[in-house]
Amino acid sequence: MFDSFLARGVALAVSLAPSIGLAQSAAPLPPTVAPPTTAAPAAAPPSSAPAPSVATQAAIDQRIKMLQSQLGITEAQMPLWSAFTQAMRDNAAATDALFTQRAGAVATMNAADNMHSYAQIARAYADNTERLATAFDSLYASLSDTQKQAADTLFRQQATAAAPPRARR
């Protein structure tokens, strides 16, 4: 049971990590269009969030590399990109910690405690998404028209893939 909750927590943490639009879906990203940028990312400020699990960290790193490639992040955009990726990493670490905490306590929670635990995770998800959106605003403003088109298309594809199927009439 712990593995099931932890797996869901990791999945949510990974889905929070990639980007605003991509955060809504656990669907895989489309294949990369361009080779990954070889420039080393700028040093990120230290984070106060706990370290995410190894599995979460690996998934975050993969999504970051794919996004960087798909968006064609330039050297000049690296400071904004680094701020955005730090927000992704912080969000994933915080969510991972909440799901680990919940998984350890769920077996002894009563229904009310369970609901409050879920509400805590939902609030964290909303707060994390807002922080991610704010970091993305600056990055998006720095993108070229071509990069913005790529981002818009990528986010639309992910939102469409994550949307629940419509009921047939």
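This text goes with the structure placed above it.
The following refers to the structure shown. Quantities reported herein were computed from a predicted structural model and do not represent experimental measurements.

Quick look at the side chain of Gln147
Secondary-structure assignment places Gln147 in helix 5 (residues 145-162). A residue is classified by how much of its surface remains accessible, and Gln147, at 8% relative accessible area, is buried. One polar contact links the side chain of Gln147 to the main-chain carbonyl oxygen of Leu71, over a distance of 3.1 Å. Within the local environment of Gln147, its side chain forms a polar contact with the side chain of Gln77, the two groups lying 2.8 Å apart. In this view, Gln147 contacts Leu71, Gly72, Ile73, Thr74, Gln77 and Ser142; residues no more than four positions away in its chain are not counted.

Some remarks on the packing of aromatic side chains
One pass over the full model with this rule turns up 4 aromatic pairs. Aromatic side chains Phe136 and Tyr140 sit 5.7 Å apart centroid to centroid with 40° between the ring planes, which places their arrangement in the tilted category. You can see Phe136 and its partner Tyr140 sitting in helix 4 (residues 111-142), 4 residues apart, about one turn around the helix. On the accessibility criterion, Phe136 (6% relative accessible area) is buried. An aromatic cluster of at least three residues, connected via ring pairs, comprises Trp81, Phe84, Phe136, Tyr140 and Phe155.

A look at the packing of helix 2 (residues 54-71) against helix 5
The geometry of helix 2 relative to helix 5 is characterised by a closest axis approach of 9 Å and an angle of 135° between their N-to-C directions. The orientation of helix 2 relative to helix 5 falls into the category oblique. Mapping the contact onto sequence places Arg63, Leu67, Gln70 and Leu71 in helix 2 and Gln147, Ala150, Ala151, Leu154 and Gln158 in helix 5. In terms of residue class, the contact of helix 2 with helix 5 is built from 5 nonpolar, 3 polar and 1 charged.

The rules behind each value
- Residues numbered from 1 in each chain as written.
- Predicted model: local features only at pLDDT ≥ 70, side-chain atom pairs only at ≥ 80, totals over all residues.
- Heavy atoms only, no water.
- Helix = DSSP H or I, 4+ residues; strand = E, 2+ residues; numbered from the N terminus.
- Buried < 20%, exposed > 50% of the residue type's maximum accessible area, 1.4 Å probe, protein only.
- Polar contact = N/O pair within 3.5 Å; in protein donor to acceptor, adjacent residues only side chain to side chain.
- Contact = heavy atoms within 4.5 Å.
- Phe/Tyr/Trp six-rings, centres within 6.5 Å; stacked < 30°, edge-to-face > 60°.
- Axes fitted to C-alpha atoms, helices over the stretch in contact; angles between N-to-C directions.
- Parallel < 35°, antiparallel > 145°, perpendicular 65-115°, else oblique.
- Nonpolar A, V, L, I, M, F, W, Y, C, P; charged D, E, K, R; others polar.

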